[in-house]
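Examining the three-dimensional arrangement
Given next are the chains, with one letter for each unit.
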Amino acid sequence: MDLKFDLDNVLKQFDRLVVEGTVVYDQNYGTVRITDNGLPFEFRILSGMSQKPSYSNADGTTKTAAEIQADKDHEQALLAKGCAPGSDINVSGYEVGTLHETGHILACNKFPAARPHLLILAADAYQRQFEKLDGNDLWAMWSVMRSLGDGEKARHISFFNCGLESGCSRLHKHMQVFPITSGQQGREEFKLWPDVEEEAFYKHVLPFKVAIARFGEDKRKKMTKERLLEVYAGLVAEAEGYLGVYRNEKNAPEVVVNGNGNKAAGATNGLEYQHSRIGEPAAAIPHNVILDEKWMVVIPRRSAGWKGADSNAVSMLGMHWVSSREKIDRWVGLGPTEVMRQVGVPVRE
């Protein structure tokens, strides 16, 4: 498959899988919208979310990458389920095609939050979700998003959860694409805070630190994977600075444990993270990447959730995909902006 393809054909494949029961999606999902401290939030109640796998211990804490990689029984179970060696995502029967220019696999998400909701998987199943994006990853995200989208009429965004603390639920490196449009008649579309350009918003309303770059029309027309990678590298460096400064202020430990169980030599500011394979460089800081035609956002993360409220990249936009009303009550009770502040790097204490 070429990187440019037709949205109608993708929707036909997605709808067929829904009818067959392979993809778990209810177009008539419930929605709750609130505003908290000046920020809009949307909660979608999706039955498929209760079936979505996650890496959690019995006490609700998140497993480390080292624990997951060391679990040989889990590895054998994944192979039995049809996952490729090294992968923990089975896309057999969900494939849309191969992106030949980058080598990525495009597949329908088994537990979607929108129509369509797609996965962009690294062809190398041993690439991990706590590794930084490379130029091909970013180009695949950009190209699929642009091919599916039609400006504001059918606006799509792409996102990446880097690291377990960012809210990822699988380790095989993958990105996701979905439409902002709800597909429900008469519903006003959700407003994305990165569309706001006023500096005061990021100082006084948004509760967490964010690195953002904007693309004007001329830049969008001339976009290349090299340019995307340059922008991303700059934003990650900015995010590392936010996280490093915060940890220094909080007296965070300067030496942490790598995936091999040994102390990491030369770690600074607590920014060296667990990695899947012994002898490889340390993984990136945990962060979310959200890519739109008009901007790219990188959000440094401290944890995947707070007091039972889990958060990934889309949650940091204010869009929450939950399995029940009780999950919404948890968020509302804690205060959505306070959860964001706790899982990100707070703008102010």
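Residues numbered from 1 in each chain as written. Predicted model: local features only at pLDDT ≥ 70, side-chain atom pairs only at ≥ 80, totals over all residues. Heavy atoms only, no water.

Turning next to the packing of helix α4 (residues 135–148) against helix α7 (residues 225–249). Between two packed helices, both the angle of their axes relative to each other and the distance between the axes serve to describe the pair. Contact geometry for α4 and α7: axes closest at 8 Å, N-to-C directions at 110°. By the angle between their directions, the pair α4 and α7 is classed as roughly perpendicular. On the side of α4, the interface is formed by Gly135, Asn136, Leu138, Trp139 and Trp142, while α7 contributes Lys225, Leu228, Leu229 and Tyr232. When grouped by side-chain class, the residues that make up the contact of α4 with α7 number six nonpolar, two polar and one charged. (Axes fitted to C-alpha atoms, helices over the stretch in contact; angles between N-to-C directions. Helix = DSSP H or I, 4+ residues; strand = E, 2+ residues; numbered from the N terminus. Parallel < 35°, antiparallel > 145°, perpendicular 65-115°, else oblique. Contact = heavy atoms within 4.5 Å. Nonpolar A, V, L, I, M, F, W, Y, C, P; charged D, E, K, R; others polar.)

Looking now at the nonpolar core. Ranked by size, the top nonpolar core spans 91 residues in total, and within it Phe178, Trp193, Leu228, Ile290 and Met296 carry the most contacts. Residues in contact with Met296, not counting those within four places in the same chain, are Leu138, Ala211, Ile212, Ala213, Phe215, Leu228, Val231, Tyr232, Leu235, Val289, Ile290 and Leu291. (Core = buried A, V, L, I, M, F, W, Y, C linked by side-chain atoms within 4.5 Å. Buried < 20%, exposed > 50% of the residue type's maximum accessible area, 1.4 Å probe, protein only.)

This part is about helix α9 (residues 336–343). Most of α9 is tucked away, with seven of its eight residues classed as buried. Restricting attention to buried positions, one finds in α9 the residues Pro336, Thr337, Val339, Met340, Arg341, Gln342 and Val343. In this structure, the buried residues of α9 make contact with β1 (30–36), β2 (39–45), β11 (305–306), β12 (309–310) and α8 (325–334).

So, about the confidence of the model for the chain. Per-chain confidence: the chain averages 82 in pLDDT, with 76% of residues scoring 70 or above. With pLDDT under 50 throughout, residues 253–281 is counted as low confidence; its partners more than four residues away or in other chains account for 65 contacts. (pLDDT = per-residue confidence, 0-100.)

A word on the sheet that holds strand β13 (residues 319–322). Taken in spatial order, the three strands of this open sheet run β1-β2-β13, and their pairing is mixed. With one partner strand each, in any of the chains shown, β1 and β13 form the two edges of the open sheet. In this sheet, adjacent strand axes meet at a mean angle of 20° when their direction is disregarded. Bridge count for β2 against β13 is four bridges, and the pairing is parallel. Residue Glu42 lies in a different strand from β13, and its bridge partner there is Met319. The strands touched by α8 are β1, β2 and β13; relative to β2, the strand with the most contacts, the crossing angle is about 160°. Across the sheet, α9 touches β1 and β2, and the angle it forms with β2 is around 95°. (Pairing = 2+ DSSP bridges.)

A word on helix α1 (residues 7–20). Between its first and last C-alpha atoms α1 spans 20 Å; for 14 residues at 1.5 Å apiece the expected length is 20 Å, and the two agree. Among all positions of α1, only Leu7, Val10, Leu11, Phe14 and Leu17 are buried. On an axial view of α1, the arc spanned by its buried residues comes to 125°, and they lie on one face. Exposed and oriented more than 90 degrees from the buried face of α1 are Lys12 and Val19. Where α1 is buried, its residues meet β3 (95–99), β4 (104–108), β5 (118–121), α4 and β6 (156–162). Just beyond α1, the residue with positive phi is Gly21, at close to 85°. (Expected span 1.5 Å × (residues − 1). Arc of directions from axis to C-beta.)

As a further point, take the environment of Gln176. Along the chain, Gln176 falls in strand β7 (residues 174–179). Each C-alpha atom of the pair Gln176 and Val144 lies 9.8 Å from the other, and the pair is 32 residues apart in sequence. Not counting residues up to four positions away in its chain, the partners in contact with Gln176 are Asn109, His117, Leu118, Leu119, Ile157, Ser158, Phe159 and Asn161. A polar side-chain atom of Gln176 sits 2.7 Å from a polar atom in the side chain of His117. (Polar contact = N/O pair within 3.5 Å; in protein donor to acceptor, adjacent residues only side chain to side chain.)

As enumerated under the stated definition, the model contains 10 aromatic pairs in all. Considering the side-chain rings of Phe159 and Phe178, the 6.0 Å spacing of their centres and the 80° angle between planes classify their relative orientation as edge-to-face. Here Phe178 lies in strand β7 and Phe159 lies in strand β6, a separation of 19 residues in the sequence. Pair check on accessibility: Phe159 and Phe178 agree, each one buried. Between Trp193 and Tyr202, the ring centres sit 6.2 Å apart and the planes meet at 75°, which makes this aromatic pair edge-to-face. This pair shows no difference in class: Trp193 is buried, exactly as Tyr202 is. Here the aromatic cluster, defined as three or more aromatic residues joined through ring pairs, consists of Trp193, Phe201, Tyr202 and Phe208. (Phe/Tyr/Trp six-rings, centres within 6.5 Å; stacked < 30°, edge-to-face > 60°.)

On to the environment of Asp26, then. Along the chain, the position of Asp26 falls in the loop between α1 and β1. Accessibility expressed as a relative area gives 38% for Asp26, which makes it partly exposed.

For the rest of this paragraph, the subject is unusual backbone geometry. Across the junction of Arg115 and Pro116, the peptide omega takes the value -5°, indicating a cis bond. On the secondary structure map, Pro116 appears in the loop between β4 and β5. If you check the backbone angles, Asn37 has positive phi at about 50° while not being a glycine. Residue position: Asn37 is located in the loop between β1 and β2. In this structure, Lys307 takes a positive phi of about 55° despite not being glycine. Note on placement: Lys307 falls in the loop between β11 and β12.

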